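Read off the chains here:
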Amino acid sequence: EIAVDLDLPLRSVQFIRHRWHILKEVISEPRREGPPKVLSDMHCEFIIGLVSHSPELFLEEVKCELWDRHRVSVSLSTLYRTMKELDLTFKGLSKRAAEVSVEKRIKYINSIRNELPERLVFGDESAVNALTGVRTHGRA
């Protein structure tokens, strides 16, 4: 009846009742299953900042940044799971962002060639692919 009312598995309710009967205690520290985490909270904050700045990065690029900045080596699957836990999902970019004109970009770069770097301000670069020139997805 308790299991049904609380929408818990019967085995969980039995375990909790047994623990209370023996130890007079129910709450305990959660058990960690598996090997220890490779990425610390500091590394997770770094990933969040990196993806916030450049949402179009591929997992391989995030992995390389982790190694370059923190000397942490992780597998792509570990990085994927961590980003999923951090709620950094991979979403498609808008049609407008995906339809970037290479000609217009080159023309613009040529037009600002003589400007001082201090005078330049740039906006969202999520549609740019450093590897192929076009990205259709970004992390959010």
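Look a little higher up for the structure.
Parameters at a glance
Residues numbered from 1 in each chain as written. Predicted model: local features only at pLDDT ≥ 70, side-chain atom pairs only at ≥ 80, totals over all residues. Heavy atoms only, no water. Salt bridge = Lys/Arg side-chain N within 4 Å of Asp/Glu carboxyl O. Helix = DSSP H or I, 4+ residues; strand = E, 2+ residues; numbered from the N terminus. Buried < 20%, exposed > 50% of the residue type's maximum accessible area, 1.4 Å probe, protein only. Polar contact = N/O pair within 3.5 Å; in protein donor to acceptor, adjacent residues only side chain to side chain. Axes fitted to C-alpha atoms, helices over the stretch in contact; angles between N-to-C directions. Parallel < 35°, antiparallel > 145°, perpendicular 65-115°, else oblique. Contact = heavy atoms within 4.5 Å. Core = buried A, V, L, I, M, F, W, Y, C linked by side-chain atoms within 4.5 Å.

Visitor: What should I look at first to understand the pattern of salt bridges in this one?
Guide: Oppositely charged side chains are able to pair whenever their charged atoms sit close together. All chains considered together, the criterion is met by three salt bridges. For Glu 65, the salt bridge is made with Arg 69, and the minimal N-O distance between the two is 3.5 Å. Separated by four residues within a single helix, Glu 65 and Arg 69 lie in helix H4 (residues 59–70), roughly one turn from each other. The class of Arg 69 is exposed, set by a relative accessible area of 57%.

Visitor: Sorry, what's going on with the side chain of Thr 78 here?
Guide: By the secondary structure assignment, Thr 78 is in helix H5 (residues 76–85). At 2.9 Å, the side chain of Thr 78 and the side chain of Ser 75 are in polar contact.

Visitor: Please explain the packing of H4 against H5 as it appears in this structure.
Guide: The packing of two helices is summarised by the inter-axis angle and the distance between the axes. The geometry of H4 relative to H5 is characterised by a closest axis approach of 10 Å and an angle of 100° between their N-to-C directions. The angle between H4 and H5 falls in the class roughly perpendicular. Along its contact with H4, which presents Leu 59, Glu 60, Val 62, Lys 63 and Leu 66, the element H5 presents Leu 76, Leu 79, Tyr 80 and Met 83.

Visitor: So what exactly am I meant to see when it comes to the nonpolar core here?
Guide: Across soluble globular proteins, you tend to see nonpolar side chains buried next to one another. Grouped together as the largest cluster of nonpolar side chains are 15 residues, with contacts concentrated most on Leu 39, Ile 47, Val 62, Leu 66, Val 74, Leu 79 and Met 83. Breaking this core down by element, the ones donating at least two residues are helix H3 (41–53), H4 and H5. When residues of this core are assigned to their parent elements, the largest contribution, five residues, is made by H3. Beyond its immediate stretch of four places on either side in the chain, Leu 79 contacts Ile 47, Leu 59, Val 62, Lys 63, Leu 66 and Val 74.

Visitor: Is there a simple way to think about the environment of Gln 14 in this case?
Guide: Among the structural elements, Gln 14 can be located in helix H2 (residues 10–23). Looking at Gln 14, the relative accessible area reads 38%, which means it is partly exposed. Gln 14 sits 12 residues away from Ile 2 along the chain, and the two C-alpha atoms are 9.8 Å apart.

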